[in-house]
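Observations on the model geometry
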Amino acid sequence: MNEVQLLVDSLAQRLQRPVGVDDRRFRAIAYSSHSDEIDPVRRISILGRRAPEAVVHWLEELGLMEARDVVHVPANAQLGMVPRVAVPVRFHDRLLGFLWLVEDDRPLTPDALETCRRAAAELAQELYRERQQTNEERRLEAAWVRQALGGAPEPSVAGIPGIASEAVYAVLVLRVGLPRGLAPDGVDVRITEAVDQLRRGIGPRHQMADVGDRGARVVLSAGNAGEIRRHAEGLLAAADGELADVDGARTVVGVSGPRDGIDDLPAAAAQAARAARLAETTPDLGRVVLWSELGVMRLLAELVDDRDPAALIPDPVRRLLADPDAETLVPTLESFLEHAGDVAAAADELHVHRSSLYNRLRRIEEVAGVDVRSGADRLNLHLGLRLWRMAGAPGPD
């Protein structure tokens, strides 16, 4: 049993009432046994390991995040909360969490409150020690990931045994896109928390991560490819939740093809990075992009590699993009090509008459200098439009 749990149980026994400890984001860390009936909020917090969002907002409005001493939290019938005492757990003024005691029909005496203050100070030291240990473990883990993805034949870092043995392995690349000029504080911390949320749902050493300020690289070991997909979707959901208050933030996850061992992880990392880049620039692919499901885009991504796709767009497509009617002509050409030249299907998708579609195709031929009946011209146009999408669909310049 860890020291935090021992401190919680000891305090509960001394005061003869239930005790709980949450982190600074109101997620349950430890709690004593609850022999009496507890209110719905505490039950949900224990079972779900975090307080409901409505409760979190209310507690923040009460000023708990700035509290330096005991706070008597009033009852809130709408939220299903009985009165509570919250004691901030701070280490050198750094808020690490809260110590909670229910204060229903038995208000805590001044002596009991002083006991809670002393317990909070002890908890602060222990939580800070655990945080430092966790930070060191994550640092070593990140070093292992960098070695593995960099091609080390047998990646090993002192104190880190490496990834667990499983049926398949994969690399996930999480990227966070922010509006130009926006650089909110703590993005790397939020990404770390998203990665840790995923970690809590996976067995020990089945996930190793290297977190940066705008994303993360995660090495996974799983039983099958289906598990990898679910973990990728879980990582995206966790990142979305952590960045929900950052206006304009867009997260994507690229997923490598499954691997039978860790020797091929560098190639898997390259696949995941390319898949993430496609997710960023080609919204139609979705925000979780699996390399194994990309089809022809996979081949195109490999050919483009690290070059700028916009620089590879052929001249006929550039001429089309520069035309005043590009907003009409480009979607027309894309639909026509995606339907393999089936005029009826393209006209139906575009909600236009076939004669109108033929007129647009003639205009496309004039502007781009191509013949849409030519297989070579069609291929050139199709690849050019895919490159344009890969580049983020930039303007004609």
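Above: the structure in question.
Remember, predicted model here, so these are calculated numbers, not experimental data. (Residues numbered from 1 in each chain as written. Predicted model: local features only at pLDDT ≥ 70, side-chain atom pairs only at ≥ 80, totals over all residues. Heavy atoms only, no water.)

On to the pairing of strand β5 (residues 94-102). If a strand is regular, its side chains alternate between the two faces of the sheet. In terms of burial, β5 is a largely internal element, seven of the nine residues being buried. Taken together, the five bridges between strand β1 (residues 19-23) and β5 define a ladder with antiparallel strand orientation. Within the sheet, the bridge partner assigned to D23 lies in β5 and is G97. Bridge analysis of strand β4 (residues 84-91) against β5 gives eight bridges, and the strand direction is antiparallel. Among the inter-strand pairings, V85 is bridged to a residue of β5, identified as L101. Here β4 folds back onto β5 in antiparallel fashion, the turn holding two residues, of which H92 has a positive phi close to 50 degrees. (Buried < 20%, exposed > 50% of the residue type's maximum accessible area, 1.4 Å probe, protein only. Helix = DSSP H or I, 4+ residues; strand = E, 2+ residues; numbered from the N terminus. Pairing = 2+ DSSP bridges.)

Running from amino to carboxyl end, helix α11 (residues 343-350) crosses helix α12 (residues 354-368) at an angle of 100 degrees, the nearest separation of the two axes being 9 Å. Between α11 and α12, the angle falls in the class roughly perpendicular. Listed contacts from α12 to V343, A344, A346, A347 and L350 of α11 are R354, L357, Y358 and R360. (Axes fitted to C-alpha atoms, helices over the stretch in contact; angles between N-to-C directions. Parallel < 35°, antiparallel > 145°, perpendicular 65-115°, else oblique. Contact = heavy atoms within 4.5 Å.)

By volume, the second largest pocket is sized at about 310 Å³. Together, 15 residues line the second largest pocket, and D284, E334, E338, R386 and R389 are the ones closest to its centre. Of all the secondary structure elements, the ones that give two or more residues to the lining of the second largest pocket are α10 (326-338) and α13 (375-390). For the lining of the second largest pocket, the element with the most residues is α10, which contributes five residues. By residue class, the composition of the lining of the second largest pocket is five nonpolar, four polar and six charged. (1 Å grid on protein atoms, 1.4 Å probe; cavity = no way out; pocket = protein on both sides within 12 Å on 5 of 7 lines; lining within 4 Å. Points joined across faces, edges and corners; volume = space filled by probe spheres on them. Nonpolar A, V, L, I, M, F, W, Y, C, P; charged D, E, K, R; others polar.)

Turning our attention to the sheet that holds strand β9 (residues 250-255). As summarised here, the arrangement of the five strands in space is β7-β8-β6-β9-β10, forming an open sheet in which the pairing is mixed. Whereas interior strands pair on both sides, the edge strands pair on one side only; in this sheet they are β7 (207-211) and β10 (288-290). Sheet twist, expressed as the average angle between the axes of neighbouring strands with direction ignored, equals 15 degrees. As paired strands, strand β6 (residues 168-177) and β9 are joined by six bridges and run antiparallel to one another. Its bridge partner lying in β9, G177 is registered against R250. Set on the sheet, helix α4 (residues 110-150) makes contact with β6, β7 and β8 (215-222); between it and β7 the angle comes to about 95 degrees. In this fold helix α7 (residues 265-281) packs onto β6, β8, β9 and β10, with an angle of close to 35 degrees to the strand it touches most, β6.

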